[in-house]
Amino acid sequence: HPVISWPRSSTQAVLQGSGQCGFARKHSMISALRTGLRTQRAVSARHFAAAAGRKPKAVDGTLEGRYATALFSAATSGKDNLKAVYGDLQNFRTAMQDSKEFRLAMESPGVDYKIKIQVIDDVTKKIGLSPESQNFFKILCENKRSFMIEKCIDVFESYYRDEMGQIVCRVTSAAELAGPQK
């Protein structure tokens, strides 16, 4: 059997006793790692796959967009969930803007994700988030992406506006607008 040398590792030592040649050992280790990674991802404590609804009309390809797309799909799986989730995100954004400590706790990489999840649970009790929204924020914390909360909310907001047919516009006027014109 031809043997290919590669750095010795604990995985190689385990595979060495299997009687495979070096190439086969390396191939089986890579295969095992890939399978293990797929299995690890599939066994997540929280996920949106079970509650798959429809995708937004225009998808943002950024990382924030992928998280917002997953939330949008979860929110559109139930009746009137989309409006509730949109309201939750607006309330959460307001809470982050109003409390400097809360914002720091969510965005700081030095705060452990378990503490962030406890904070989210406390905030959920106070402002009453839907299960989809609460799950969304916990996933961001578990994946160490809580610094992206504001951007994810912005992307979700654009998805929501597209879905509802709303267009954001800015009016510029030479003269001040009266009450009904505003």
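Residues numbered from 1 in each chain as written. Predicted model: local features only at pLDDT ≥ 70, side-chain atom pairs only at ≥ 80, totals over all residues. Heavy atoms only, no water.

A. Structural view of the pattern of salt bridges. Under the definition given, this model contains 7 salt bridges. Note that Arg93 is salt-bridged to Glu150, the shortest N-O span being 3.9 Å. With a gap of 57 residues between them, Arg93 in helix 4 (residues 81-98) and Glu150 in helix 8 (residues 149-164) connect regions that are remote in the sequence. You can call Glu150 buried: its relative accessible area is 16%. Close ionic contact of Arg103 with Glu150 constitutes a salt bridge, the shortest N to O distance being 3.2 Å. One end of the pair, Arg103, is in helix 5 (residues 100-107); the other, Glu150, is in helix 8, and 47 residues separate them in sequence. Connected through salt bridges with shared partners, the residues Arg93, Arg103, Glu107, Glu150, Asp154, Glu157 and Arg161 form a single ionic network. (Salt bridge = Lys/Arg side-chain N within 4 Å of Asp/Glu carboxyl O. Helix = DSSP H or I, 4+ residues; strand = E, 2+ residues; numbered from the N terminus. Buried < 20%, exposed > 50% of the residue type's maximum accessible area, 1.4 Å probe, protein only.)

B. Main features of the packing of aromatic side chains. If you walk through the whole model with that rule in mind, you get 6 aromatic pairs. Plain terms: the ring middles of Phe72 and Tyr159 are 6.1 Å apart, the flat faces sit at 80° to each other, and that makes the pair edge-to-face. Note that Phe72 is positioned in helix 3 (residues 63-75) and Tyr159 in helix 8, a separation of 87 residues in sequence. According to the relative accessible area criterion, Phe72 is buried, its value standing at 0%. Centre to centre, the rings of Phe92 and Phe102 are 5.3 Å apart; their planes meet at 70°, and the pair counts as edge-to-face. Of this pair, Phe92 sits in helix 4 while Phe102 sits in helix 5, and the two are 10 residues apart along the sequence. The structure contains a cluster of three or more aromatic residues connected by ring pairs, namely Phe92, Phe102, Phe136 and Phe137. (Phe/Tyr/Trp six-rings, centres within 6.5 Å; stacked < 30°, edge-to-face > 60°.)

C. Quick look at the side chain of Thr76. With respect to the element layout, Thr76 can be found in the loop between helix 3 and helix 4. For Thr76, a relative accessible area of 13% gives the class buried. Residues in contact with Thr76, not counting those within four places in the same chain, are Gly53, Arg54 and Leu82. (Contact = heavy atoms within 4.5 Å.)

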